[in-house]
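Residue strings, one per chain:
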Amino acid sequence: MKRLQGIGVSPGVAIGPAYLLLTGNVKISRRILTPSQVEKEIDRLHRALATTIKDLEEVKRHIPPEMVQPLSIIDAHILMLKDPSLIRDTEQFIRRHYVNAEWALRKVLKKYQRVFDSLKDFYLRERIHDLEHLIERVILALQGQNESVEIEEPAIVIAHDLSPADTARLKPDTTQAFVTEVGSRTSHTAIVARSLGIPAVVAVKGVTEEISPGDLVIVDGLSGEVIVNPSQEVIEEFIDRRLECQLQRERFLDLAKEPAVTLDGRRVFVRANLELLDEIPMALEFGAEGVGLFRTEYLYVTKEGLPSEEELFINYRQVIEGIRPNIVTFRTLDIGGDKFAKELNLPAEINPALGLRAIRLCLKNIELFRTQLRAILRASVYGKIRIMFPLISGLNELLEAKKVLFEVLDELSQEGLEVDVPECGAMIEVPTAAAIADILAKEVDFFSIGTNDLIQYALAIDRGNEQVAHLYEPLHPGILRIIKHVAEAAKKTGIKVAMCGEMAGEPLCVPLLVGMGFDELSMNPQTIPIIKNIIRQISYEDCQKLAKEILSLSCAKEIRSYLEYWFQQKDLAF
Ligand code: PEP
Ligand code: MG
């Protein structure tokens, strides 16, 4: 018996024989063309692109229409294959270097990999894997190979990697689960697996070598455990776990749609952090009571040139209508620094995290800001929205941002469009904003604490630097004091206080945040049922006491142990 560990990305327990699927990069070689062969090669490229698109259309036909997410992922892939810049870059590479299409595609992919690698946003960085999968498909098509997978008997699929389209093709009646060597929680492959209800574990190092065809395998898609050739005792334990898992999932998802109210009647709104339209169905399924953070950068980074007001409007309207009757909190543009400099022609910065980003960039480039605000406000008539400004560091910055907002409202009204004044908030991410929270609170309807940045700036830890990642500590007493100070300032002024950084979705932190008086917690959709479940098992009164005790402790380690002990005492599981 062997135990392997990966990341559980789609819950469920499965037991079955292993089916090894050989995937991974196809071996290709460079062929040098004569000038007269170049245009033929470009034709060959176009034919392979067309075959791949047809192939994906075929995959789509097998996905039931109610599976909105897998369908929209495949649609997005088709669009990527039609992307003029991808096609142009590949054609240019073939023309300039006189090489075969396979070689050119891999080279162009490398260029895109470098661009995506430099992105700060993890979710966006992850999207390169979609392009990698697609380019492999086109290469297979160039070589006249077909990638389709036919599994006849129920089995557990073991592969180096699976593309979202491969995953969409797996039939839940024969694919009991899948395990891959690479991948992450936010990959589209994981999203498709969750939609299809196929248990899945990714990032299991060396799994294709550790498992042989026909080995009996147990997969736990929640804990990420993979057990090879288990003993009878372990098999029985997992059969029980599988049943419990099914029941738990049903209970969780039913309950997830109910509000989260503490035992003594305090309601805490649990909302979703979203970035893409195709995340909306998942947010609704997991019981999001609206969107606490809509990151608006996506359209600015995935397109050549800046998006137009109309494009933004259409996108925002779809989000608002998808979430209606609940509220969508639009965070205005948070780009700049090392991110997307190409579009905005920004000079390179030595220290981008401290550079021209977010509200600073918008206030320097008012037209960019106005265009976005116009689109949000025009879309706002289709549902309920709030607006919040990122990276506010002082009063004047906030007032300036509000001034632009009111000018845009005025402008729209002169154009005959009466738009209600939306609630307006400040993200608290910079320590100085936290320090003057009492002053800022008079100017806004709510605060939303962005702990990802707040912790980075307060602890002087670059949030993307692995060398210092171990020092990134939400439970640092200094961080907790800052958070408490902000929550208190909000309460005293009578405005709402929310948190939308990762800390809001950390189960261990939830009683503490409830105790500090947070009205709203916003997080990635999958975490919502877990957090709601915790809130329902605790009392506000106990949490207030807990917060007081925790704030008297002097180091993160002590705080963590205390919280763990508190959870144990209350028999709280998550
Ligand atoms: C944050 O900083 O906590 C936040 C929510 O914003 P982002 O992660 O997008 O910077
Ligand atoms: Mg931030």
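Residues numbered from 1 in each chain as written. Chains lettered and ligands numbered in written order. Predicted model: local features only at pLDDT ≥ 70, side-chain atom pairs only at ≥ 80, totals over all residues. Heavy atoms only, no water.

Q: Help me understand the nonpolar core, please; the structure alone is not making it clear to me.
A: Buried together is how nonpolar side chains tend to be arranged in soluble globular proteins. In terms of nonpolar packing, the biggest core is built from 100 residues, with F389, F447, I483, F518 and L521 touching the most fellow members. Not counting the four nearest positions on each side in its chain, F447 is found in contact with A426, I428, A437, L440, A441, V486, A490, I495, K496, V497 and A498. Counting residues in hydrophobic clusters, the runner-up holds 58 residues, among them V9, V138, A159 and A190. (Core = buried A, V, L, I, M, F, W, Y, C linked by side-chain atoms within 4.5 Å. Buried < 20%, exposed > 50% of the residue type's maximum accessible area, 1.4 Å probe, protein only. Contact = heavy atoms within 4.5 Å.)

Q: Can you help me understand helix α3 (residues 84-97) in this one?
A: Residues lying three or four places apart along an α-helix face the same way, a consequence of the helix completing one turn every 3.6 residues. Between its first and last C-alpha atoms α3 spans 20 Å; for 14 residues at 1.5 Å apiece the expected length is 20 Å, and the two agree. When α3 is considered as a whole, its buried residues turn out to be S85, L86, I87, D89, T90, E91 and I94. Y98 lies just past α3 and shows a positive phi near 50°. (Helix = DSSP H or I, 4+ residues; strand = E, 2+ residues; numbered from the N terminus. Expected span 1.5 Å × (residues − 1).)

Q: Please clarify how the environment of V13 should be interpreted in this entry.
A: For V13, the location among the structural elements is in strand β3 (residues 13-21). Judged by relative accessible area, V13 falls into the buried class, the value being 7%. Spatially, the C-alpha atoms of V13 and L480 are 38 Å apart, while their sequence positions differ by 467 residues. Leaving out residues up to four positions away in the same chain, V13 has contacts with P199, V219, D220, F238, R241, R242 and C245.

Q: I keep staring at unusual backbone geometry and nothing clicks. Help me out?
A: Negative phi is the rule for most residues except glycine; trans is the rule for most peptide bonds. A cis amide bond links R324 with the next residue in sequence, P325, at an omega value of 5°. Along the polypeptide, P325 turns up in the loop between α13 (309-323) and β12 (327-331). Unlike most non-glycine residues, A358 shows phi in positive territory, near 50°. Mapping A358 onto the fold places it in helix α15 (residues 358-364).

Q: Looking at this structure, I do not really get the domain arrangement of the protein. What am I missing?
A: A common way to state how big an interface is: give the accessible area lost once the parts meet. As assigned here, the protein comprises domain 1 (2-23 + 147-235), domain 2 (35-142) and domain 3 (253-569). Once you take the C-alpha centre of each, domain 2 and domain 3 turn out to be 34 Å apart. (Domains from an automatic or database assignment.)

Q: Looking at this structure, I do not really get the packing of helix α20 (residues 451-459) against helix α21 (residues 477-493). What am I missing?
A: To describe two helices that pack against each other, one gives the angle between their axes and the distance between the axes. At a minimum axis separation of 10 Å, α20 and α21 run at an interaxial angle of 125°. With respect to α21, the axis of α20 lies oblique. In this structure, α20 crosses over α21, and the sense of that crossing is right-handed. Between α20, through T451, L454, I455, A458 and L459, and α21, the contact on the second element is made entirely by I479, I482 and I483. In terms of residue class, the contact of α20 with α21 is made up of seven nonpolar, one polar and no charged. (Axes fitted to C-alpha atoms, helices over the stretch in contact; angles between N-to-C directions. Parallel < 35°, antiparallel > 145°, perpendicular 65-115°, else oblique. Left-handed = near helix turned anticlockwise from the far one by under 90°. Nonpolar A, V, L, I, M, F, W, Y, C, P; charged D, E, K, R; others polar.)

Q: Sorry, what's going on with the site of ligand 1 here?
A: The immediate surroundings of ligand 1 are formed by 13 residues, with R295, R331, E429, N452 and R463 found nearest. Contact distances for ligand 1 include 2.7 Å between an oxygen atom and a side-chain N or O atom of R295. Between R331 and ligand 1, the recorded distance is 2.8 Å, taken from a side-chain N or O atom to an oxygen atom. Elements represented by at least two residues in the shell around ligand 1 include exactly β11 (291-295) and α20. Of all the elements, α20 adds the most residues to the shell around ligand 1, at three residues. In the shell around ligand 1, the residues fall into three nonpolar, four polar and six charged. (Near = heavy atom within 4 Å. Polar contact = N/O pair within 3.5 Å; in protein donor to acceptor, adjacent residues only side chain to side chain.)

Q: Sorry if this is basic, but what is going on with the pattern of salt bridges here?
A: Close approach of charged atoms allows side chains of opposite charge to pair. Under the counting rule described, the total for this entry stands at 41 salt bridges. In this structure, the salt-bridge partner of R241 is E225, at a minimum N-O distance of 3.1 Å. Here R241, found in helix α10 (residues 232-256), pairs with E225, found in strand β8 (residues 225-228); they are 16 residues apart in sequence, far enough to count as distant. The residue E310 makes a salt bridge to R378 at a minimum N-O spacing of 3.2 Å. Taken as a pair, E310 in helix α13 and R378 in helix α16 (residues 366-380) lie far apart in primary sequence, 68 residues in all. Residue class for E310 comes out partly exposed when judged on its relative accessible area of 39%. One continuous salt-bridge network, built from bridges that share partners, spans E309, E310, E367, R370, R374, R378, K403, E407, E411 and E415. (Salt bridge = Lys/Arg side-chain N within 4 Å of Asp/Glu carboxyl O.)

Q: Explanation requested: the pairing of strand β10 (residues 267-274) in the structure shown.
A: Counted residue by residue, β10 has six buried out of eight residues, so it is predominantly covered. Judged from the two bridges that link them, strand β9 (residues 260-261) and β10 form a sheet pairing that is antiparallel. Looking at β10, one finds that V261 is bridged to R267. Between β9 and β10, which pair antiparallel and follow one another directly, the connecting turn spans five residues, one of which, G265, has a positive phi of 90°. (Pairing = 2+ DSSP bridges.)

Q: I tried to follow the coordination of the magnesium ion (ligand 2) on my own but got confused; where do I start?
A: Six octahedral donors around a metal ideally subtend angles of 90 or 180 degrees, whereas four tetrahedral donors ideally subtend 109.5 degrees. Taken together, E429 (OE) and D453 (OD) make up the protein donors of the magnesium ion (ligand 2), found 2.0 to 2.1 Å from the metal. With E429 in the loop between β14 (423-428) and α18 (431-435) and D453 in helix α20, the pair connects residues that are 24 residues apart, well separated along the chain. (Donors = N, O, S within 2.8 Å, 3.2 Å for Na, K, Ca; no water.)

Q: Please clarify how helix α4 (residues 101-117) should be interpreted in this entry.
A: Along its 17 residues, α4 runs 24 Å from first to last C-alpha, staying within 8% of the 24 Å computed at 1.5 Å per residue. Every buried residue of α4 is accounted for by A101, E102, A104, L105, V108, L109, Y112 and F116. Summarising the axial view, the buried residues of α4 lie within an arc of 155°, below the 170-degree limit, and thus occupy one face. In α4, those exposed residues whose orientation departs by more than 90 degrees from the buried face are R114 and D117. (Arc of directions from axis to C-beta.)

Q: When you look at the packing of aromatic side chains in this model, what are you seeing that I'm missing?
A: Two descriptors summarise a pair of aromatic rings, namely the distance from one centre to the other and the angle between the planes of the rings. According to the stated counting rule, one finds five aromatic pairs in the structure shown. Relative to F389, the ring of F369 has its centre 6.1 Å away and its plane inclined at 65°; by these criteria the two rings are edge-to-face. In this pair, F369 sits in helix α16 while F389 sits in strand β13 (residues 384-389), placing the two residues 20 residues apart along the sequence. Since its relative accessible area comes to 0%, F369 is described here as buried. Look at F389 and you get buried, because its relative accessible area is 0%. Ring centres of W566 and F567 lie 6.2 Å apart, and the angle between their planes is 65°; this geometry places the pair in the edge-to-face category. The same class applies to W566 as to F567, namely buried. Here the aromatic residues F294, Y316 and F330 are joined through ring pairs into a cluster of three or more. Above the face of the Y382 ring, R317 is positioned so that its terminal group lies 3.8 Å from the ring centre. (Phe/Tyr/Trp six-rings, centres within 6.5 Å; stacked < 30°, edge-to-face > 60°. Lys NZ or Arg CZ within 6 Å of the ring centre and 35° of its normal.)

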